[in-house]
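Observations on the model geometry
Next come the chains, spelled out residue by residue.
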Amino acid sequence: MSDTDKLYGAMGIGKEVLAYGNAVLEGLLDRFAQIDRTAEYNQLKVLKAMQENQVSEACLLGTTGYGYNDLGRDTLEKVYAGVFHTQDALVRPQITCGTHALALALMSNLRPGDELLSPVGKPYDTLEEVIGIRPSRGSLAEYGITYRQVDLLPDGSFDYEAIRRGINERTRLAAIQRSKGYQTRPTLSVERIGELIAFIKGIKPDVICMVDNCYGEFVETREPSDVGADMVVGSLIKNPGGGLAPIGGYIAGTKECVENAAYRLTSPGLGKEVGASLGILSNFYQGFFLAPVVTAGALKGAVFAANIYEKLGFDVAPDGSEDRYDIIQAVTFGTPQAVTAFCQGIQAAAPVDSHVVPEPWDMPGYDAQVIMAAGAFVSGSSIELSADGPLKPPYAVYFQGGLTWQHAKFGILKSLEALLRKGIVSEEEIANAMEKCRKTKK
Ligand SMILES: *Cc1c(COP(=O)(O)O)cnc(C)c1O
């Protein structure tokens, strides 16, 4: 037994689970090499933007008070614009989370009487209240901005005919969510997003196409802004923060869209000129620098989890061999007990709070109880190893993150141990799944 295996044993991973994990891993080496090639490209892309914008030691310091002439903040926004190939960007600690960034992008670019279109079905849960799908104080609906939704077809493709019918003289903005979020539909590739944007602009060229880019950054070599999106929007405690950003959100896009957002975030007349960065910029820079490799580690974890659970007979999305367009892995367990055990296993693998046991709770912005496993350095960060599941049918968990692939691997093995110990998966089932790995190898 190797020293590493002994350490796994000492940390609660039994021989069967470890052997199964390693057998699964043997079949994934080519895919991991592909993920590393994407990371290599994206690492260079980020580095190039940092060099071209002359990031200097002075940029790592921060301002206080009004934050006028904040060199580091303004340069960082140029770096983001450089990476996303957009005219401008807003990257701020004053944007508190992804939902806030999306709400800001919408509220600042829509006016009373406008209509918002989602051509990809129901948006992320928290946006329901932003839009007013679920009545909520301060929603777009309260300001006279209407909403229209076109669902994906049952096979996951775009309903082009319904989208064409849905676009009218009031349609001002199309919100396209790249990642599946808490749904089991497929995540959209950058290529498909480009096709959708071209279709929408072909019907009405002045529709602003905004992409909710959460969990998608650096998964491919291109971003939605490379295929026509006017705005890409996301959270810094997901992929682009690289695990180091302790707060923040970004909007990268056309000058006009970004300026609208800035005037709404701060104030008309002030826009991007104010907003002290305090001491946070070195984390933003360093996190963005690490983000391509951190994202690659998380992707490997997602692919590994898919293969581990698929071979055990669970429904996984994406499946074990599909291409990936975000870092989320859904596993449908079918029972609340299994969802809870899985999340408790992930929690037990954490570097922080591994000793606490997560329980389902009523989380603000969500319409069912949610259980979350997150023993993270940054509270709620989901680029760190984390899992969550709404306690409602089909009882799926959404697993994501891992600042390092090694940690993601450990977490997934730990989740399987938890299912084994609760009797949800048996040793015999693991042995059978392992047999499947051997057969596919031959
Ligand atoms: C996480 C996420 C959001 C919301 O971000 P928060 O930071 O949790 O507010 C929105 N859309 C998608 C697709 C997400 O994954």
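- Looking at an unreviewed UniProt entry, one finds the protein chain named Methionine gamma-lyase family protein, with Candidatus Acetatifactor stercoripullorum as its source organism.

1. Let's talk about the overall build of the protein chain
- Within the protein chain one finds 13 helices and twelve strands.
- Dimensions along the principal axes, computed over C-alpha positions, put the protein chain at roughly 65 × 55 × 40 Å.
- Buried positions account for 59% of the 442 residues belonging to the protein chain.
- Sequence separation of at least 24 residues holds for 71% of the intrachain contacts in the protein chain that already meet a minimum separation of 6.

2. Comments concerning the site of the ligand
- Near the ligand, the surroundings consist of Cys97, Gly98, Thr99, Leu102, Tyr124, Gln177, Asp212, Cys214, Tyr215, Ser235 and Lys238.
- At 2.7 Å, a backbone N or O of glycine 98 approaches an oxygen atom of the ligand.
- The contact in question runs from an oxygen atom of the ligand to an N or O atom on the side chain of lysine 238, over 2.9 Å.
- The fraction of the free accessible surface of the ligand (370 Å²) that becomes covered by protein chains is 91%.

3. A short note on the pairing of strand E6 (residues 231-235)
- Counting buried positions along E6 gives five out of five residues, so the element sits mostly inside the fold.
- Side-chain alternation along E6 places Met231, Val233 and Ser235 on one buried face and Val232 and Gly234 on a second face that is also buried.
- As defined by bridge partners, strand E5 (residues 208-212) adjoins E6 across three bridges and the pair is classed as parallel. Bridged to methionine 210 within E6 is methionine 231.

4. Observations regarding unusual backbone geometry
- Along the chain, alanine 317 connects to proline 318 via a cis peptide bond; the corresponding omega equals -5 degrees.
- Summarising the element assignment, proline 318 is placed in the loop between strand E8 (315-317) and strand E9 (329-332).
- Looking along the chain, the bond that leaves proline 393 and enters proline 394 is cis, with omega of 10 degrees.
- In this structure, proline 394 sits in the loop between strand E11 (386-390) and strand E12 (396-400).
- You will see that phenylalanine 218, though not glycine, has its phi angle at about 70 degrees, which is positive.

5. Quick word on the side chain of serine 277
- By secondary structure assignment, the location of serine 277 is in the loop between helix H9 (255-265) and helix H10 (281-311).
- Judged by its relative accessible area of 1%, serine 277 falls in the buried class.
- Among all residues touching serine 277, those that are not within four sequence positions of it are Leu61, Gly62, Thr63, Asp70 and Arg73.

6. Describing the nonpolar core
- Core analysis: the largest hydrophobic core is formed by 69 residues, its most contacted members being Tyr20, Tyr309 and Leu312.
- No other element matches the ten residues that H10 contributes to this core.
- Discounting chain neighbours no more than four positions away, the residues touching tyrosine 309 are Phe314, Val316, Val331, Phe333, Phe342, Ile412, Ser415, Leu416 and Leu419.
- Counting residues in hydrophobic clusters, the runner-up holds 44 residues, among them Ala174, Ile197, Phe218 and Leu236.

7. A short note on the layout of surface pockets
- There is about 680 Å³ of room inside the largest pocket.
- Residue lining of the largest pocket: 37 residues in total, with Tyr124, Lys238, Tyr366, Gly380 and Ser382 positioned closest to the centre.
- For the lining of the largest pocket, the elements supplying multiple residues, two or more each, are helix H5 (98-109), strand E10 (370-374), E11 and E12.
- Here the residues of the lining of the largest pocket are counted per class, giving 19 nonpolar, 15 polar and three charged.
- There is about 260 Å³ of room inside the second largest pocket.
- Looking at the second largest pocket, the residues that line it are Arg31, Gln34, Ile35, Thr38, Val219, Glu220, Thr221, Leu299, Val303, Asp323, Arg324 and Tyr325.
- At the level of secondary structure, the elements contributing two or more residues to the lining of the second largest pocket comprise helix H3 (29-52) and H10.

8. Describing the environment of aspartate 206
- With respect to the helices and strands, aspartate 206 occurs in the loop between helix H8 (190-203) and E5.
- According to the relative accessible area criterion, aspartate 206 is partly exposed, its value standing at 48%.
- Spatially, the C-alpha atom of aspartate 206 lies 9.2 Å from that of threonine 171, the residues being 35 residues apart in sequence.

9. As for empty space enclosed by the protein
- Tallied over the entire structure, the rule returns one cavity of 30 Å³ or more.
- Each pocket or cavity is described by its volume, and for the largest cavity that value is around 90 Å³.
- When contributions to the lining of the largest cavity are tallied by element, the ones reaching two or more residues are strand E2 (115-118), helix H6 (125-131), strand E4 (171-177) and E5.
- Looking at the lining of the largest cavity element by element, the count peaks at three residues for E4.
- Its residues assigned to classes, the lining of the largest cavity comprises ten nonpolar, two polar and one charged.

10. Examining the sheet that holds E11
- Taken in spatial order, the five strands line up as E8-E9-E12-E11-E10 in an open sheet, and their pairing is antiparallel. The sheet is open, and its two borders are formed by E8 and E10, each paired with just one other strand. The mean angle between the axes of side-by-side strands here comes to 15 degrees, regardless of whether they run parallel or antiparallel.
- Where E9 meets E12, four bridges bridge the pair, whose relative direction is antiparallel. In the strand pairing of E12, threonine 332 is matched with alanine 396.
- Each of E10, E11 and E12 touches helix H11 (residues 336-348); the most contacted strand, E10, lies at about 20 degrees to it.

11. Some words on helix H4 (residues 71-84)
- The first and last C-alpha atoms of H4 sit 20 Å apart over 14 residues, in line with the 20 Å expected at 1.5 Å per residue.
- Burial analysis of H4 places ten of its 14 residues in the buried class, which makes it a mostly covered element.
- Those residues of H4 lying buried are Gly72, Arg73, Thr75, Leu76, Glu77, Val79, Tyr80, Ala81, Val83 and Phe84.
- Buried residues along H4 sit in contact with H3, strand E1 (88-92), E6, strand E7 (249-253) and H10.
- Once H4 finishes, histidine 85 follows within two positions and takes phi at roughly 55 degrees, a positive value.

The rules behind each value
- In every chain, residue numbers begin from 1 and rise along the written sequence.
- Only residues with pLDDT of 70 or above have their local features reported here, since the model is predicted, and side-chain atom pairs are shown and tallied only from 80 upward, although totals for entire chains, interfaces and linings are computed over all residues.
- Each side-chain value is worked out from all heavy atoms of the structure, with water and hydrogens disregarded.
- Under the scheme used here, helices are H or I runs from DSSP no shorter than 4 residues and strands are E runs no shorter than 2 residues, and both carry numbers assigned from the N terminus.
- Buried means the residue's accessible area, taken with a 1.4 Å probe over protein chains only, is under 20% of the maximum for its type, while exposed means over 50%, and partly exposed covers the values in between.
- The contact criterion used is simple: two residues touch if any of their non-hydrogen atoms lie within 4.5 Å.
- In this text, near means that some heavy atom of the residue lies within 4 Å of the molecule or strand in question.
- Nitrogen and oxygen atoms within 3.5 Å of one another constitute a polar contact, given that in protein one can donate a hydrogen and the other can accept it, and given that sequence-neighbouring residues count only through two side-chain atoms.
- Note on areas: these come from Shrake-Rupley sampling with a 1.4 Å probe, and a residue is covered only by the protein chains present in the view.
- Following DSSP output, two strands are said to pair if at least two bridges run between them.
- Take the buried Ala, Val, Leu, Ile, Met, Phe, Trp, Tyr and Cys residues and link them wherever side-chain atoms come within 4.5 Å; each set so joined is a nonpolar core.
- The way it works is a 1 Å grid over only the protein atoms, where trapped points that fit a 1.4 Å probe form a cavity and open points with protein on both sides within 12 Å along at least five of seven lines form a pocket, and then any residue with an atom within 4 Å of a point lines it.
- Grid points are joined across faces, edges and corners, and a volume is the space filled by probe spheres set on the points.
- Amino acid classes used here: Ala, Val, Leu, Ile, Met, Phe, Trp, Tyr, Cys and Pro are nonpolar; Asp, Glu, Lys and Arg are charged; the rest, including Gly, are polar.
- Axis definition: a line fitted to C-alpha atoms, limited for helices to the stretch in contact. Angles are taken between N-to-C directions and run from 0 to 180 degrees.
- Here, expected helix span is obtained from the residue count minus one, scaled by 1.5 Å.

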